[in-house]
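Results of the structural survey
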Amino acid sequence: MRLPRRVPWASLSELEQICAWIYSDENDIDAKILAINRLSAWKATTCLPHALESALSILVAIAQDNSHTCSTSSLSIRQSYATAIIRLVNGLVDPLQLGAFARSIASIANQLGLPSWLVELRHAATHEDLPSLVLLRDAAWESMTWLLHNYFLPTINPTTVTENRTNLRSLEPALKQYKKLLKITLRDASLRMRYKTDILSVLKDIERWIAEAQVTGNVAAREIGWETTSSEVLSSSSQVDPKERWALERLCDALLAKGSLVPLSKKKRDFPQDTFLPPKFSVQLWTPLLQHLQNLHSEFYLILAGRIASTLLPENENFDEDVQRDSSYDICIARWAKWIVEVSSGCDSTTSHDLRREITVMLMQSFGHVWSVPNQQRKM
């Protein structure tokens, strides 16, 4: 269970009042000063969410720009605007720079729906000549408009928010490309070096997809950049960030689709007779990817075993008792669960015992909960 999130307002009406001060009249500087004073008072007592911190910085620059008593130079005003916009973009993008491979700021901003020209302006203000005052003024109001639709309105009235508009690209092409390359190298070992770079490229693309999925999960939860600057305390039972877990669960669902861990053709689901393991060729095909993911994400095997359990259990949302299930598919993913238990003992020696035990306990609890019902009914 995650701890409750602290907010600076006593009730949403206080945040709604600030929103009214800011947006009711674009030319009402006195109202914006009231918003600045309220936000400053909140900041003195608690950490502000990044959205409010950014709004405060932009409002201060706007008030400074419209002050008739302050003899602030044009350069100083431009610097105030530029700093506020740079901090807004960086504060939104940097926490979402996730995964083993870096992504461009533009790609993350695009997923967040942040106007691309604000990203370009941020780059120019940081590395090139300081943009003109006119352009910075436009950028400030564009930023405030984005905050209105992506922070203030969703926070004040969450029911008005439409479904997540961020589309996550399909992982299927990357998995198909991985399978194609591995099949080539498995059939002819002499080609491994030739295709090594291509395989590494696919692995990087899959890891990049995980990072994109974490951003999508963040947007879906409407938490992008709204947390305070201090990191949240995660559940004591898991060291995985909830966004990372959400992304890995989506990855596991793709792996468990027919055509990936489970061969599409039933004829290829040729199970070993001496052990309860998946088809030998499937193990050879997918082990490099699974081990790669486990090395980068310490609880990947545990999450994959959990998704297998949820797929097999009647509680699964896609489970329909009136529809005949594919028994060979169920047997295959159950064998993959057994494979996970066995291979987890070969992980880092300092954690392998705990990982194997945790996976085993989780599977036993999941299946034991369901399988105990018929036994009780028979006793009755």
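What counts as what
- Residues numbered from 1 in each chain as written.
- Predicted model: local features only at pLDDT ≥ 70, side-chain atom pairs only at ≥ 80, totals over all residues.
- Heavy atoms only, no water.
- Helix = DSSP H or I, 4+ residues; strand = E, 2+ residues; numbered from the N terminus.
- Buried < 20%, exposed > 50% of the residue type's maximum accessible area, 1.4 Å probe, protein only.
- Contact = heavy atoms within 4.5 Å.
- Areas by Shrake-Rupley, 256 points an atom, 1.4 Å probe, with all protein chains shown as cover.
- Axes fitted to C-alpha atoms, helices over the stretch in contact; angles between N-to-C directions.
- Parallel < 35°, antiparallel > 145°, perpendicular 65-115°, else oblique.
- Nonpolar A, V, L, I, M, F, W, Y, C, P; charged D, E, K, R; others polar.
- Patch = residues over 30% accessible without salt bridge, like charges linked within 9 Å, V, L, I, M, F, W, Y side chains within 5 Å.
- Salt bridge = Lys/Arg side-chain N within 4 Å of Asp/Glu carboxyl O.
- Lys, Arg positive; Asp, Glu negative; His and termini not counted.
- Charge placed at Lys NZ, Arg CZ, Asp CG, Glu CD.
- Phe/Tyr/Trp six-rings, centres within 6.5 Å; stacked < 30°, edge-to-face > 60°.
- Lys NZ or Arg CZ within 6 Å of the ring centre and 35° of its normal.
- Arc of directions from axis to C-beta.
- Core = buried A, V, L, I, M, F, W, Y, C linked by side-chain atoms within 4.5 Å.
- Left-handed = near helix turned anticlockwise from the far one by under 90°.

**Some points on the overall build of the chain**
If you tally the helices and strands in the chain, you get 14 helices and zero strands. Secondary structure elements of the chain, listed N to C terminal, follow the sequence α-α-α-α-α-α-α-α-α-α-α-α-α-α. For the chain, buried positions account for 44% of its 380 residues. Taking the contacts inside the chain whose residues are at least 6 apart along the sequence as the reference set, 73% of them involve residues at least 24 apart. As displayed, the chain offers around 20800 Å² of accessible surface, 52% of which is attributable to carbon and sulfur atoms.

**Brief notes about the packing of helix H11 (residues 280–296) against helix H12 (residues 300–312)**
Relative orientation of the contacting elements H11 and H12 amounts to 120°, with a least axis distance of 8 Å. In terms of orientation, H11 lies oblique with respect to H12. In this structure, H11 contributes Leu 290, Gln 291, Leu 293 and Gln 294 to the contact, and H12 contributes Phe 300, Tyr 301 and Leu 304. Within the contact of H11 with H12, the residues separate by chemical class into five nonpolar, two polar and no charged.

**Looking at a negative patch on the surface**
On the surface, a cluster of negative charge is contributed by Asp 25, Glu 26, Asp 28 and Asp 30. Looking at the element boundaries, Glu 26 is found in the loop between helix H1 (12–23) and helix H2 (29–45).

**Examining the packing of aromatic side chains**
Evaluation of the coordinates by the stated rule reveals seven aromatic pairs. The interplanar angle of 75° and the centroid separation of 5.2 Å between the aromatic rings of Trp 336 and Trp 339 together place this pair among those described as edge-to-face. Here Trp 336 pairs with Trp 339, and both are found in helix H13 (residues 327–343), just three residues apart, close to one helical turn. Each member of the pair, Trp 336 as well as Trp 339, is classed as buried. An aromatic cluster of at least three residues, connected via ring pairs, comprises Phe 300, Tyr 301, Trp 336 and Trp 339. Across from the ring centre of Trp 246, 4.9 Å away, lies the NZ or CZ of Arg 250, which sits over that ring.

**Focus: helix H5 (residues 105–112)**
Structural remark: α-helix, 3.6 residues per turn; residues separated by three or four positions point the same way. Those residues of H5 that fall on the buried side of the exposure criterion are Ile 108, Ala 109, Gln 111 and Leu 112. Seen along its axis, H5 keeps its buried residues to an arc of 155°; they face one direction. Phi turns positive one or two residues past the end of H5, at Gly 113, with a value near 80°.

**Some thoughts on the nonpolar core**
Membership of the largest hydrophobic core comes to 52 residues, with the highest contact counts inside it found for Ile 18, Leu 52, Tyr 81, Leu 114, Leu 147 and Phe 152. Elements represented by at least two residues in this core include exactly H1, H2, helix H3 (50–65), helix H4 (74–93), H5, helix H6 (116–127) and helix H7 (133–156). Of all the elements, H7 adds the most residues to this core, at 11 residues. If you look at the next biggest cluster of nonpolar residues, it comprises 49 residues, including Trp 209, Ala 247, Leu 251 and Phe 271.

**Some words on the side chain of Arg 122**
In this structure, Arg 122 sits in helix H6. Residue contacts for Arg 122: discarding those within four places in its chain leaves Ile 86, Val 89, Asn 90 and Ile 105.

**Brief notes about the environment of Arg 245**
Along the polypeptide, Arg 245 turns up in helix H10 (residues 242–256). Residue class for Arg 245 comes out partly exposed when judged on its relative accessible area of 24%. For the pair Arg 245 and His 297, spaced 52 residues apart in sequence, the C-alpha to C-alpha distance is 9.5 Å.

**Considering the packing of H1 against H2**
The contact between H1 and H2 brings their axes to 7 Å, and the two run at 145°. Classified by chirality, the crossing of H2 by H1 is left-handed. Residue-level contacts link Glu 14, Leu 15, Ile 18, Trp 21 and Ile 22 of H1 to Ala 31, Lys 32, Leu 34, Ala 35, Arg 38, Leu 39 and Trp 42 of H2. Class assignment of the residues belonging to the contact of H1 with H2 gives a composition of nine nonpolar, no polar and three charged.

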